[in-house]
Amino acid sequence: MYDMNHHLFATHPPMGWNSWDCYGAAVREEEIRGNAEYMAKHLKDYGWDYIVVDIQWYEPGAISSQYRPFVPLEMDSYSRLMPAVNRFPSAADGKGFKPLADYVHSLGLKFGIHIMRGIPRQAVHAATPILGTSVTARDIAHPNSICPWNTDMYGVDASKEGAQAYYNSLFELYASWGVDFVKVDDIAASRLYQIHVPEIEMIRKAIDRCGRDMVLSLSPGPAPLEHAEELKANANMWRMTDDFWDLWPLLHGMFERCYKWAEHVAPGQWPDCDMLPLGHLGIRSVDGGGSDRWTRFTKDEQLTMMTLWSIFRSPLMFGGEMRDNDEWTLSLLTNRDVLHLHRNGSGAHQVSRETDKIVWKAQDDNGAVYAALFNAGDEEAIVSVSMEQLGLTPSPRGKELWTGEVITLTDGQLSAKLPPHGAALYRLEP
């Protein structure tokens, strides 16, 4: 049943794959289908289910993560962008993403797209109509509200007649395609204008009336903490960070972001640590200071990222070309104990931080307590936490979830000798 309250939707943090980290703006239909097939075969049973086509699927000449300015985009007669048929052949004859979404759904998965806030500049310059109104794109555009890094769109002026109708027509189209997830960019934060609350509210209304549940994800970050209430009122997830890449300083900085946002994590409202830059990256994406490569994160850094994202309950969006995953990368995504915490955890918060020795705690619905120990420093270190700090009896039994090692604590202390940038994650039974 369709429900007007979007917080009853996305009750668990979304998990899926997004095309940006490996294909930039240039992903093609066969790559979407191939990654969907991989997910259905290897990851669906573990809860992974979203397949998201990232930016500029309407740009026929896109070749990397570097945007070509002011080029013609594929658009219908009502100012709405359409998939580039040379890259998405099943979109021919005005079918849009429906055939591709149908295929993804046939695998038991969900289908998502990325859009930019606003209305195409080419629609504004040509004064093309807005569906169901007598106004044109030119009448609702906010021509000095632009994205500093992409030339495709002008903002939409919420005070103009026809502005809401434009967003309504977009989401009616996406509902007809079978879209389950929409990532809206240049909206949660901007180097020029900060957050765009009026457009967020128009998008929320458009989704609520389109008749189809869709996860609303807002980018880029860092979303301003002082707007947490508007974000929670309108979106299901929002980026706490600018684009996150496989570079240790960015991962190190995420501890502080998670600490600040932890109190706002709740069903249907997920502060987002951004994508998991794991596996085979940069195939056609040169963003993040790299080209075709395997993740630059060490194995310890990969465990740290997965541990922090999981205890904090960030959405998990895998960024690599999944068909090239090795056993190690797949093991990070299929650890049932860790995924149980990610799905069912609650009350995650930082217990202690002494410089780069960091401890987080959460619990689950079965009464288990989870302790994540992190060594964010550059030298090996022992990280400890007392049972008192975790609210546990002095000698609980436990298990380290990445290695499977069973432990019994006798002295009321949980300690781990951790490598540089390393982590350990324990489930403790009271």
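Refer to the structure presented above.
Analysis parameters
Residues numbered from 1 in each chain as written. Predicted model: local features only at pLDDT ≥ 70, side-chain atom pairs only at ≥ 80, totals over all residues. Heavy atoms only, no water. Helix = DSSP H or I, 4+ residues; strand = E, 2+ residues; numbered from the N terminus. Polar contact = N/O pair within 3.5 Å; in protein donor to acceptor, adjacent residues only side chain to side chain. Contact = heavy atoms within 4.5 Å. Axes fitted to C-alpha atoms, helices over the stretch in contact; angles between N-to-C directions. Parallel < 35°, antiparallel > 145°, perpendicular 65-115°, else oblique. Left-handed = near helix turned anticlockwise from the far one by under 90°. Nonpolar A, V, L, I, M, F, W, Y, C, P; charged D, E, K, R; others polar. Buried < 20%, exposed > 50% of the residue type's maximum accessible area, 1.4 Å probe, protein only. Pairing = 2+ DSSP bridges.

(A) Local environment of the side chain of His264. Topologically, His264 is positioned in the loop between α9 (248–261) and β10 (270–272). Polar side-chain contacts of His264 include one of 2.9 Å to the side chain of Lys232. What His264 contacts, discounting residues up to four positions off in sequence, is Leu225, Ala228, Glu229, Lys232, Gln269 and Pro271.

(B) Just the packing of α9 against helix α10 (residues 299–312), in detail. Between α9 and α10, whose axes approach to 11 Å, the crossing angle comes to 15°. Judged by the inter-axis angle, α9 sits roughly parallel to α10. Two packed elements cross with a definite hand, and for α9 against α10 that hand is left-handed. Of α10, the residues touching α9 (which contributes Trp248, Leu251, Met254, Phe255, Cys258 and Trp261) are Glu301, Thr304, Met305, Leu308, Trp309 and Phe312. Of the residues contributing to the contact of α9 with α10, the split by class is 10 nonpolar, 1 polar and 1 charged.

(C) Seen up close, the pairing of strand β2 (residues 50–53). A two-sided burial pattern is seen for β2, the buried positions comprising Tyr50 and Val52 on one face and Ile51 and Val53 on the other. Both strand β1 (residues 15–18) and β2 contribute to a ladder of 3 bridges, which runs parallel. Pairing of Asn18 across the sheet is with Val52, part of β2. As paired elements, β2 and strand β3 (residues 110–116) share 4 bridges and run parallel to each other.

(D) Representation of the packing of helix α2 (residues 29–42) against helix α3 (residues 98–106) in the model. Where α2 contacts α3, the axes come no closer than 10 Å and their chain directions differ by 15°. With respect to their mutual orientation, α2 and α3 come out roughly parallel. The interaxial crossing formed by α2 with α3 has right-handed handedness. Across from Glu29, Ile32, Arg33, Ala36 and Glu37 in α2, the residues of α3 making contact are Pro99, Leu100, Tyr103 and Val104. Considering only residue class, the contact of α2 with α3 consists of 6 nonpolar, no polar and 3 charged.

The values reported here are purely geometric and, on their own, carry no functional implication.
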